[in-house]
Every structure is written in structure tokens, then in C-alpha cells.
Amino acid sequence: MPPEDAAVETLLELMHKNDVPHTVIIQVIHYRWDNSYLADVLKRYPRIFQGVCRVNPQDPSAPDQLSRLTEYQGFRGVRLSPAAGPEGDWIRGPLMPPLWRRCAELKVPMTLLIPVTRLPDLHPHIEANPDLQVVIDHMADSPLDDPKALQLLLDLAHYPQVFVKISHMWSLSSQPYPYPDAGAQVQKLLRLFGAERLMVGTDWPISLKQLSYGRAVDLFRSHLTFLTPSERQQVLEKTVQRVWPF
């Protein structure tokens, strides 16, 4: 069990204090393929939360597992986490096309916690499933001082169903809150993807090492001053509603 208090009751209290009505929860990587706690949360609070599960990408039965988690336990999508090294080469392997096709058939998004150097591996899967919504987490953790790496993420902008979470600003930045150097990277994504394909994320509870839940929410509500009011509403709410309708 991680040391942070990440019980759903704690999250509900934080959401209430910060006027956050809905949250999409991603299955925590610590528990690998055991989605049972999040499944219980979705059953107890179906109008407040949506959940993204994990399945073992190296298990041939992963597509059927995803179908069961979607159809019987209320999950809306799956997250894959290929590593940058050879141990992540399964993203190019034979088990991937059936899993991506199943996502498309179920009409649930494919979410990827992925290093920026792995992004070229996604192109064949995206092109084979043009209607599938694909969400790139944390700006692919693209280093702020590496334009060539960022270009790998920007290259995905020409796929209309690819979305990017502008989260992990606190992790990428070398400057204090509200992380203006990371904000400059968000601006570059905004120019190519548009606000309609960007969404925020609190990274709670992992982000507690750096900032509170309230400050994480306020980062997007009150800072990033380059956003127009309509763009701010879009990244805070409307893009999420497009991918995970409440």
C-alpha cells in the first residue's frame, strides 16, 4: 500500500472543498492488474466518478478482461504504460492490435502513460483505429529543454482523436509554482492541438510530494494566464466531457 492517504472518502472531501463535481480516476500502477478497489468506488459513486482500468498487456486474454471490466464493472477505458527500454517493446508486439481493436469496439478511450521517446510506436495503432480516442498522459513527460523530443508529441496533433493531459507540470518544471517554464510547453501544445484536445489533471495523490490538491486545481483555474476564459473552461471540463461523458 502506498504511504499516501488516497481513500475515496479523502478525495470526496477534497473535491467538495474545491468545488470539483466529477473526477476520472486512473487505476494506480502500484496495484497492477487488480482493479477491485476502483471497481468498488465506481459501484458506490457512479454519478461522481469514472474509472480507467489496467490490464496486463502481455496477457493474450487482455481484450476479454477489458470487455468484462467495461461491461460488468463500469470502467471507461484502459491505461497502458510501456517503459522506454526494451522491457516496453510489447507496445510493438502482436498482442497490441487485438487490444486496441477491442477498445475501439467498446468505444472506450485508450490512455497511455508513455515516455515521449515511445510515441512513434503509437502511430500504427492510431492509424489502424482512426475513431478510437487516445489520451496521452502528462504531456508524455516531454523534457522542457528538448525541442526534438517535444516534436514527437506535437506530431500526434494531426490525428484528430488524440488528446493530451497537461498534467505533471510540477514534475517537469525547474521553477516554483505555478511553473512558468512548463506553462510555455503547454502553450506550444495549445497552438497545435487546440484547447478542444487538451485536459487537466491533478496527479493526486502522487503530486502531494510537491503541492496540495487545492493548489493543483488552482493551477489550472487561476494561472496559465495565456488561456482565454473559453479555453480555460474547455481544458478544465469540456474536453474531459468529450472523452468521458458524465
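Residues numbered from 1 in each chain as written. Predicted model: local features only at pLDDT ≥ 70, side-chain atom pairs only at ≥ 80, totals over all residues. Heavy atoms only, no water.

Student: Would you take a moment to explain the state of the cysteines for this structure?
Tutor: Any covalent bond linking the sulfur atoms of two cysteines counts as a disulfide. Per the stated rule, a full pass over the model turns up zero disulfides. Looking at Cys 53, it has no disulfide partner, and the nearest cysteine sulfur is the one in Cys 103, 8.0 Å off. Of the residues examined, Cys 53 reaches a relative accessible area of 0% and is grouped as buried. Judged by relative accessible area, which is 0%, Cys 103 ranks as buried. (Disulfide = S-S within 2.5 Å. Buried < 20%, exposed > 50% of the residue type's maximum accessible area, 1.4 Å probe, protein only.)

Student: Mind showing me how you'd approach the sheet that holds strand E6 (residues 162-165) here?
Tutor: Two modes of strand pairing occur in sheets, parallel and antiparallel, and in both the strands are linked by backbone hydrogen bonds. One open sheet holds the five strands; their spatial order is E3-E4-E5-E6-E7, and the pairing between them is parallel. For this open sheet the edge positions go to strand E3 (78-80) and strand E7 (198-199), each flanked by a neighbour on one side alone. Relative to strand E5 (residues 134-136), strand E4 (residues 110-112) is paired through three bridges, and the arrangement is parallel. Bridging from a neighbouring strand, Leu 112 pairs with Ile 136 of E5. (Pairing = 2+ DSSP bridges. Helix = DSSP H or I, 4+ residues; strand = E, 2+ residues; numbered from the N terminus.)

Student: Would you take a moment to explain the nonpolar core for this structure?
Tutor: Among soluble globular proteins, nonpolar side chains are generally buried collectively. Judged by nonpolar contacts, the single largest core of 72 residues is most densely connected at Leu 80, Trp 100, Leu 112, Ile 136 and Leu 189. If you look at the next biggest cluster of nonpolar residues, it comprises eight residues, including Ile 26, Val 52, Val 135 and Trp 244. (Core = buried A, V, L, I, M, F, W, Y, C linked by side-chain atoms within 4.5 Å.)

Student: Is there a simple way to explain helix H3 (residues 62-73) in this structure?
Tutor: An α-helix turns once per 3.6 residues; consequently, residues spaced three or four apart project the same way. Taking 1.5 Å per residue, 12 residues should reach 16 Å; H3 reaches 15 Å between its end C-alpha atoms and fits that length. All of the buried residues along H3 are Ala 62, Pro 63, Gln 65, Leu 66, Ser 67, Leu 69 and Thr 70. Structurally, H3 contributes buried residues whose contacts are with E3 and helix H4 (96-106). Looking one or two residues beyond H3, the residue adopting positive phi is Gly 74, at roughly 80 degrees. (Expected span 1.5 Å × (residues − 1). Contact = heavy atoms within 4.5 Å.)

Student: What am I meant to see in the side chain of Asp 181 here?
Tutor: Inspection of the secondary structure puts Asp 181 in helix H8 (residues 180-193). Buried charge Asp 181 goes without a salt bridge, the closest partner of opposite sign being Lys 188 at 11 Å. Not counting the four nearest positions on each side in its chain, Asp 181 is found in contact with Leu 144, Ser 173, Ser 174 and Gln 175. (Lys, Arg positive; Asp, Glu negative; His and termini not counted. Salt bridge = Lys/Arg side-chain N within 4 Å of Asp/Glu carboxyl O.)

Student: Would you mind going over unusual backbone geometry with me for this structure?
Tutor: Glycine aside, a negative phi is what most residues show, and trans is what most peptide bonds show. Of note, the amide linkage connecting Tyr 177 to Pro 178 takes the cis form, showing an omega dihedral of 10 degrees. As for its placement among the helices and strands, Pro 178 is situated in the loop between helix H7 (169-172) and H8. In this model, Met 139 sits at a positive phi of 55 degrees, which is unusual for a non-glycine residue. You can see Met 139 is positioned in the loop between E5 and helix H6 (147-154). Positive phi values are uncommon outside glycine, yet Ala 140 reaches one of about 55 degrees. Mapped onto the secondary structure, Ala 140 falls in the loop between E5 and H6.

Student: I'm lost on the pairing of strand E1 (residues 23-26) in this one. Help?
Tutor: Two faces belong to every sheet, and in a regular strand the side chains alternate between them. Both E1 and strand E2 (residues 49-52) contribute to a ladder of four bridges, which runs parallel. Of the residues in E2, the one forming a bridge with Ile 25 is Gly 51.

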